[in-house]
Amino acid sequence: MDFSKKTIKMRKDNKLTQDEFTNKLHVTRQAVFNWKNNKNLPDIEILIEIFKLFHISLDELILG
C-alpha cells in the first residue's frame with residue numbers, strides 16, 4: 001500500500017475529515033490533495049506530526 005492510501009485509511013479509521021486532518025497538521029487542503037494524488041510527499045516535519053497524530057512509527061507509515 002502506498003503512502004496516500006495508508007494516510008487515507010488512517011484518517012478514516014480515526015474518523016477524521018480531510019479538513020480536520022489538514023487542521024491538525026497545519027497544512028493546506030492542496031497539500032493533502034497532492035499527497036493523495038501522489039504528486040508529492042510531505043516534508044519530514046509533517047511526517048513527524050503524522051506519526052504523532054496516529055501514534056505510529058516511521059517504519060509502519062512508510063514501509064507498512
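Residues numbered from 1 in each chain as written. Predicted model: local features only at pLDDT ≥ 70, side-chain atom pairs only at ≥ 80, totals over all residues. Heavy atoms only, no water.

**With respect to the packing of helix α2 (residues 18-25) against helix α3 (residues 29-36)**
Put simply, the rule is: Orientation is described by axes fitted as lines to C-alpha atoms, over the contacting stretch for helices, and by angles from 0 to 180 degrees between their N-to-C directions. Elements are defined by DSSP. Helices are runs of H or I of four residues or more, strands are runs of E of two residues or more, and each kind is numbered from the N terminus. Roughly parallel refers to an angle under 35 degrees, roughly antiparallel to one over 145, roughly perpendicular to one between 65 and 115, and oblique to any angle outside these ranges. Note on contacts: a residue pair is in contact if any heavy atoms of the two residues lie within 4.5 Å. Note on residue classes: Ala, Val, Leu, Ile, Met, Phe, Trp, Tyr, Cys and Pro are nonpolar, Asp, Glu, Lys and Arg are charged, and everything else, Gly too, is polar.
The contact between α2 and α3 brings their axes to 9 Å, and the two run at 110°. In terms of orientation, α2 and α3 fall into the roughly perpendicular class. Counting all contacts with α2, which are made through Gln18, Asp19, Phe21, Thr22 and Leu25, the residues of α3 involved are Arg29, Val32, Phe33, Trp35 and Lys36. In terms of residue class, the contact of α2 with α3 is made up of five nonpolar, two polar and three charged.

**A closer look at the pattern of salt bridges**
What counts here: By salt bridge we mean one thing: a side-chain nitrogen of Lys or Arg within 4 Å of a carboxyl oxygen of Asp or Glu. Exposure is judged per residue with a 1.4 Å probe applied to protein chains only, and the accessible area is read against the type maximum: over 50% gives exposed, under 20% gives buried, and values in between give partly exposed.
Applying the stated criterion to the full structure yields three salt bridges. Among the salt bridges present, the one from Glu49 reaches Lys52, with a minimum N-O distance of 3.9 Å. One end of the pair is Glu49 and the other is Lys52, both in helix α4 (residues 44-54) and three residues apart, which spans about a single turn. Look at Glu49 and you get partly exposed, because its relative accessible area is 30%.

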